[in-house]
Every structure is written in structure tokens, then in C-alpha cells.
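Take a look at the letters that make up each chain.
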Amino acid sequence: MATNALARELRSQGRPIIDLSAGEPDFDTPAHISAAAIAAIHNGLTRYTALEGSAELKAAIIGKFRRENGLEYAPDQVIASSGAKQSCFNLALAVLNPGDEAIIPAPYWVSYPDMVRLADAQPVIVAATIEDGFRITPRALQAAVTERTRLLFLNSPGNPTGATYSRAQWQALGAVLEQYPHIIIGADDIYEHIYWGREPYVSFAAACPSLMDRTVTINGVSKCYAMTGWRIGYAAGPRPVVAAMKKLQGQSTSNPCSISQAASIAALDGDQDCVRRMAQAFRERHDYIVAALDAIPGLRCIPADGAFYAFPDASEAIRRRGLADDTALCELLLREAEVAVVPGSAFGAQGYFRLSYACGIDTLREAVARLHRVLA
Ligand code: PLP
């Protein structure tokens, strides 16, 4: 937030800041999806829907899970919300009581710990470093479990690292979770389609079918269809948990936007070529930026399998410049290189920073040249 405020201030002074802090695709929503929304307005789909999303949207979500993930859900196991963020929030509030614990692998998406705290529960952070490929080990997971653990958030490909778990890696974590039936798993698949790993993408519940009745799978249209502003996410899982999530949503925001629901049906049921094209563009940028950052003195950057973030280890750069921490480094990069990135400590990983490559390659090249100038 502090870096962001400074970026805005410098920009208002006329400084040519390159902002690589955003967490959203730079593409426009595909035309056939927008057209479905316009048709929905003309057809009068402007009233309340069922609070958990229309029957048509739920059918599209069920079809997506069956087709792409091999997961079978009934309509009463599915809820659409105003973004995957609300799906995660609903889940945390639905399953956590005061004093409960929720395990969050770090580096983590910034919102998970605060959602847990909002439920008066305790986030328990399990750290993974660049040496681990930013994936937690079964042993570290096991060590974090107590009798108060109620929830585990998983996120693959992950924000902010792009790290992705394979089927075998999911199954190794699953073997630990088998021993603790009091833990619900929240598997956040929001970056599923921005993925170029060697193995086919696998969702946690598909890799660990015996844990299907304890897993809430979360996804949405924001990232893969360039629909961040439309606010549609969804979740599917065990009936009692989904029923509690519905109760929460029913007494707070109620149904997600009816027009966005119509657009999301077109997204999920329509031609998926747009998804492949965007993922390919992200991959090309990934290949460029990872190599370019790794070549900058004081930075170490490893390849990721997905998402659209690079997460270099900057501890050497911080040490060389005699800086206090990653926040000080990001402030220096903003002031001297005029490039805005987010300190790793915001994601529970001190000494790193997150750079979003959801922008054109020319902008990335210019940003790299500036970072090089300041850090070399
Ligand atoms: N989960 C992760 C890991 C994210 O990075 C984000 C957005 O940044 C979300 C969920 C929320 O996505 P939505 O826009 O659907 O609320």
C-alpha cells in the first residue's frame, strides 16, 4: 500500500513510473463474452438471481469442473460469488471459529491471512523459499498441524510465485491430510489456465479423490478470461460447507451481478481459444523476464509454471546497497528506477519482490533496463 501511494504521488508529479504492481491481465475481455453481457441487458436479465448464482451459471460451472478437472458436483455443491476473493472469504468465515487455526503456505496471496483474522482465527504460516521452488513440503505441513487446525489454503499456480504443484506433490501433501479429518482444504485454482508446466494441470481434489469430501475448490473468470472487473468467482465442495457459504452470502451481498453471470456462462461454455492465446502471451513474457531479472546483479529469479508474476530473491541486492529490507529496496526502485514492484514481505517472504508481467514486452524491456541501471 505504501509503495502504491508513493507510485501515485510520483506519477502525479509527472514522473514516468512503470507500474508492475498490478495483479490483473492487461488484455481486454474477449468480444463474445462482452456481447453476451450486452444481450443479457437487452433481454432483461437485470433482476435478482438465486443467491448462489443462476441455475444456468451453476450448470456451466459444473460442466467446467467435469470437462477440465474430472470433478463431479451436484448443483447444491456449487456457489458463484462476486469474485474468487469472496469465495475464499466465504470459506474462511464459514469454517473458522474464534481460536481456530488456518495453515497458509508462504509466499501467499495477501488476502488469506486477513480473511482468517476476520474470522477471529489464527493464520499459521508455513514458509517455502526459492530453494524449495516455493512449494511447501509434506514434513513442514505436518509440523504445522495442531488439533485446532481447521483450514488449509492451497494455491496453484500461486500468487506471487507462479509455483505449481504436480499430481505427485499434491498426493504427498494429501497423505499428510488423510491423518487429520478435522481439516478442510481450500484449493484456489484461479490461475489454472495461465499455466505452461510440463505435466498436465491437476486440481488438488482430482489428485486426491479420497479428500474430495473435505476440499472446496475455488476458481473464477477474472484471470483466465481477463474479466477482473466483472467480479465472478465460484466454489464447489462438501454440502454442509457450501450451505454455510450460501448463508453468509445470502445475508451479505446476495447474488453476484446478473449481467456478469451471463457473461461468465459465455466464457465457460464458449470457445477457449482466447484463454490459450493469453496464456501463450504470458508464457513468452515469462521466458523473457525470468532470464532478464536473473541476469541483474543481486537478483535471483527462477522459472515458474504459471500465473503472471516473477518473484526474484533480492536479498543480495538489499545487502549490497546497505538497505534495511525489501520495502526499502522497492522504495529505492520506485524513486531511482521509476519502476513500481511489491515487496515480498507483503506476501510473507522477506527479501523478495513481486513483479507483474501483465504488460507489453516493450514496457518490460524498458523496466528491465531501468532496474539494471540502478542495481548494477
Ligand atoms: N486468489 C488469488 C490467489 C488471487 O491472486 C486473486 C486475485 O488477485 C484472487 C483469488 C481473487 O480473484 P477475483 O478477482 O476472482 O476475486
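Q: Any details on the pairing of strand E5 (residues 149-155)? Residues and values, ideally.
A: Counting buried positions along E5 gives six out of seven residues, so the element sits mostly inside the fold. Where strand E3 (residues 101-106) meets E5, three bridges bridge the pair, whose relative direction is parallel. The residue bridging Ala102 from the neighbouring strand is Leu151, located in E5. The parallel pair E5 and strand E6 (residues 184-188), bridged by helix H7 (residues 167-178), forms a crossover whose chirality is right-handed.

Q: Requested: an account of the side chain of Lys223, with residues and values cited.
A: Mapped onto the fold, Lys223 is located in the loop between strand E7 (215-220) and strand E8 (233-236). Among buried charged residues, Lys223 stands out as having no salt bridge; its nearest opposite-charge side chain is Glu24, 7.3 Å away. Apart from residues lying up to four places away in sequence, Lys223 is in contact with Gly23, Pro25, Ile190, Tyr191, Ile194, Phe308 and Tyr309.

Q: Can you tell me about the nonpolar core, naming the residues and giving the values?
A: The nonpolar side chains of a soluble globular protein tend to be buried with one another. Leu91 and Leu355 are the most contacted members of the largest nonpolar core, which totals 65 residues. At six residues, helix H14 (residues 361-375) tops the list of elements feeding residues into this core. If we ignore the near neighbours within four places in the chain, the residues touching Leu355 are Leu20, Ile289, Leu293, Phe308, Tyr309, Ala310, Val341, Leu364 and Leu371. Formed by 27 residues, the second largest nonpolar core is a distinct cluster that contains Ala37, Ile62, Trp230 and Val275.

The rules behind the values
- Residues numbered from 1 in each chain as written.
- Predicted model: local features only at pLDDT ≥ 70, side-chain atom pairs only at ≥ 80, totals over all residues.
- Heavy atoms only, no water.
- Buried < 20%, exposed > 50% of the residue type's maximum accessible area, 1.4 Å probe, protein only.
- Helix = DSSP H or I, 4+ residues; strand = E, 2+ residues; numbered from the N terminus.
- Pairing = 2+ DSSP bridges.
- Right-handed = clockwise from strand over helix to strand, strands pointing away.
- Lys, Arg positive; Asp, Glu negative; His and termini not counted.
- Salt bridge = Lys/Arg side-chain N within 4 Å of Asp/Glu carboxyl O.
- Contact = heavy atoms within 4.5 Å.
- Core = buried A, V, L, I, M, F, W, Y, C linked by side-chain atoms within 4.5 Å.

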